[in-house]
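# Examining the three-dimensional arrangement
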Amino acid sequence: MKRYSMFDPPEYVDWKPAAGIIEEYQRTISRDPQRANVISQLTQKQLLDLYAGMLRFRLHDITLRRWVKQGILAKAWLGTGEEAVTIGSVHALDRSIDKVAPMIRNAGACHEMGIPVVDMLLEYLGTADSPSHGKDLHVGDMDRGVIAPVSQVGALCPVVAGVALAFKQRREPRVVLTWIGDGATKTTAFHEGMNFAAVLRVPAIYVLQNNQIALGTRFQQHQAGPFTAWSKAYGIKGVSCDGNNVLDTYAATRLSANLARSGNGPAIVFAETFRMGGHATHDEKEAREIVAPEVFEYWGKRDPIGMYEYYLESQGTPKSALDAVEGDVIDEISRAERDALISRESNVPKPETAMENVYAETRAARAGKSSTPRPPKAGSTRKTPSK
Ligand SMILES: Cc1ncc(C[n+]2csc(CCOP(=O)(O)OP(=O)(O)O)c2C)c(N)n1
Ligand SMILES: [Mg+2]
């Protein structure tokens, strides 16, 4: 793939597989027979779609990073180096019926569920034609199976438990998946949600995305015990995968989702990865001070896209096929960027729309009638709750 010296982490700029890296990649995907079997069933189209998904995510982020440098945005939250966790997991689902609840670091999941890249960019620009009409940069679209996050980390955990409970009660063979950062596992909401999902055995998949850091707090500073202990604590299935290996992440999620779909309850997929930048674009220098250079070097050698590209070539995919995919993705992102910047000029939200769709409205209010609540009917037995 093309590299971008102005925007890529320095470890990625002249990326070539270091000695032993492709062998390590191969070993990872062949160590578990069940996973190896899942991977062997992937068609060439599916393999290239995984590649396209990771590239789309990387180039979406590079666009945002460029906008920050150009002063178009104040900052952006990126998933650089963590693309395989998001793309491998979302591709493992049945995207026509399953639901996902991505955090901002999983923006690539939105693209893969069918939200156009231009909408993602518009949301950052806060235009009137963005999905939230300029109100929020957390993106969702229930028609496309994407539950929008809120800022509070961990908050999606009980939400997806509830969604999964609905699937179970309706006897629908669907699953819902969310990603939770290592830091977010320290919230109350995470534990409430996990326990609820576990005891009710609902079809929810929790991908615990350990990128080794939460804002400026390293993993070792916020967790004393082993990360993979959580599944044992809740009495549910837990599997680990290499979060920089898109095929391993795909297979681990696919097997967990199959089990959940057939009534075996929730699962945790522990994915080890690394944040190759700052929490957002504003603290990249700090991240380099907080985390030892050897750690960046270790993970820098394991660029999820670079490794996958070389793996595919080693398996016989012609370079021309990879180039063609990359060319299409570059075109897609360029068009999205061009359209988004046009909207930025022409679609500034009107101040009087600021309160629209912020609060739930009654049907009467929507129809332009009085929104004053009607008094309860005589004989109504409904009591006003005391709290
Ligand atoms: C409940 C809550 N507490 C604190 C914050 C502030 N905050 C935003 S991101 C973040 C770190 C999250 O780390 P992690 O869960 O590991 O996800 P990552 O950013 O590494 O993907 C914190 C503490 C928040 N958004 N929500
Ligand atoms: Mg983290």
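Anything mentioned here points back to the structure above.
Let me begin by describing the structure that accompanies this report. (Residues numbered from 1 in each chain as written. Chains lettered and ligands numbered in written order. Predicted model: local features only at pLDDT ≥ 70, side-chain atom pairs only at ≥ 80, totals over all residues. Heavy atoms only, no water.)

### Remarks on the packing of aromatic side chains
The relative placement of two aromatic rings is captured by the distance of their centres and the angle of their planes. We count it as follows: Pairing of aromatic rings covers Phe, Tyr and Trp, the last counted by its six-membered ring, and requires centre-to-centre distances within 6.5 Å; plane angles under 30 degrees mean stacked, over 60 mean edge-to-face, and any other angle means tilted. Strands here mean DSSP runs of E at least two residues long; helices mean DSSP runs of H or I at least four residues long; both are numbered from the N terminus. Lysine NZ or arginine CZ positioned within 6 Å of the ring centre and within 35 degrees of the ring normal marks a charge as sitting over the ring.
As enumerated under the stated definition, the model contains nine aromatic pairs in all. Between phenylalanine 274 and phenylalanine 296 the ring centres are 4.9 Å apart and the planes differ by 80 degrees, which places this aromatic pair in the edge-to-face class. You can see phenylalanine 274 sitting in the loop between strand 7 (267-272) and helix 13 (284-290) and its partner phenylalanine 296 sitting in helix 14 (residues 293-300), a full 22 residues away along the chain. Above the ring of phenylalanine 296, the side-chain terminus of arginine 288 is found at 3.8 Å from the ring centroid. One residue, arginine 302, lies across the ring of tyrosine 298, its end atom 3.8 Å from the ring centre.

### Thoughts on the site of ligand 1
For clarity, the cut-off: By convention in this text, a residue qualifies as near a molecule or strand provided that one of its non-hydrogen atoms is within 4 Å of it. Only the protein chains shown count as covering a residue, and every accessible area follows the Shrake-Rupley method with a 1.4 Å probe. A 1.4 Å probe that fits into a set of points on a 1 Å grid over the protein atoms alone but cannot get out defines a cavity; an open set with protein on both sides within 12 Å along at least five of seven lines defines a pocket, and lining residues are those with an atom within 4 Å of a point. Grid points define the cavity or pocket, and a molecule sits in it when more than half of its atoms lie within 2 Å of them. Polarity classes work like this: nonpolar for Ala, Val, Leu, Ile, Met, Phe, Trp, Tyr, Cys and Pro, charged for Asp, Glu, Lys and Arg, and polar for all others, with Gly in that last group.
Around ligand 1, 13 residues are found, and the nearest of them are Arg105, Gly183, Ala184, Asn211 and Ile213. About the coverage of ligand 1: the protein hides 67% of its 580 Å² of free accessible area. In a pocket analysis with a 2 Å cut-off to the grid points, ligand 1 is assigned to the largest pocket. Class assignment of the residues belonging to the shell around ligand 1 gives a composition of five nonpolar, six polar and two charged.

### Some thoughts on the layout of surface pockets
Threshold: Grid points are joined across faces, edges and corners, and a volume is the space filled by probe spheres set on the points.
Space inside the largest pocket adds up to approximately 540 Å³. In this structure, the largest pocket is lined by 31 residues; those nearest its centre are Met103, Arg105, Val153, Gly181 and His279. Counting residues per element, the ones that place at least two in the lining of the largest pocket are helix 8 (156-169), strand 2 (176-181) and strand 4 (213-214). It is strand 2 that contributes the most residues to the lining of the largest pocket, four residues altogether. Partitioning the lining of the largest pocket into residue classes produces 15 nonpolar, 12 polar and four charged.

### Brief notes about unusual backbone geometry
Most of the time, phi is negative for any residue but glycine, and the peptide bond is trans. Positive phi is not limited to glycine here, since histidine 133 has a value of about 55 degrees. Tracing the backbone through its elements, the reader meets histidine 133 in the loop between helix 7 (117-125) and helix 8.

### What about empty space enclosed by the protein?
Counted under the stated rule, the structure contains two cavities of 30 Å³ or more. The computed volume of the largest cavity comes to approximately 100 Å³. Around the largest cavity sit His60, Pro102, Met103, Ile104, Ala107, Cys110, Met120, Tyr124, Leu137, His138, Val139 and Pro149, which together line it. Those elements that provide at least two residues to the lining of the largest cavity are helix 6 (107-112) and helix 7. Residues belonging to the lining of the largest cavity are distributed by class as follows: 10 nonpolar, two polar and no charged. Its boundaries defined by the atoms lining it, the second largest cavity holds a volume of some 60 Å³. Taken together, 13 residues line the second largest cavity, and the ones lying closest to its centre are Arg65, Leu78, Gly277, Gly278 and Glu284. Split by residue class, the lining of the second largest cavity holds four nonpolar, five polar and four charged.

### Topic: the pattern of salt bridges
Using the following cut-off: Note on definitions: salt bridges are taken to be side-chain nitrogens of Lys or Arg within 4 Å of carboxyl oxygens of Asp or Glu. Relative accessibility under 20% of the residue-type maximum defines a buried residue, over 50% an exposed one, and the middle range a partly exposed one, all with a 1.4 Å probe and only protein chains included.
According to the stated counting rule, one finds 21 salt bridges in the structure shown. Among the salt bridges present, the one from arginine 56 reaches glutamate 112, with a minimum N-O distance of 2.9 Å. You can see arginine 56 sitting in helix 4 (residues 44-70) and its partner glutamate 112 sitting in helix 6, a full 56 residues away along the chain. Residue class for glutamate 112 comes out buried when judged on its relative accessible area of 9%. Aspartate 141 is paired through a salt bridge with arginine 144; the nearest N and O atoms lie 2.8 Å apart.

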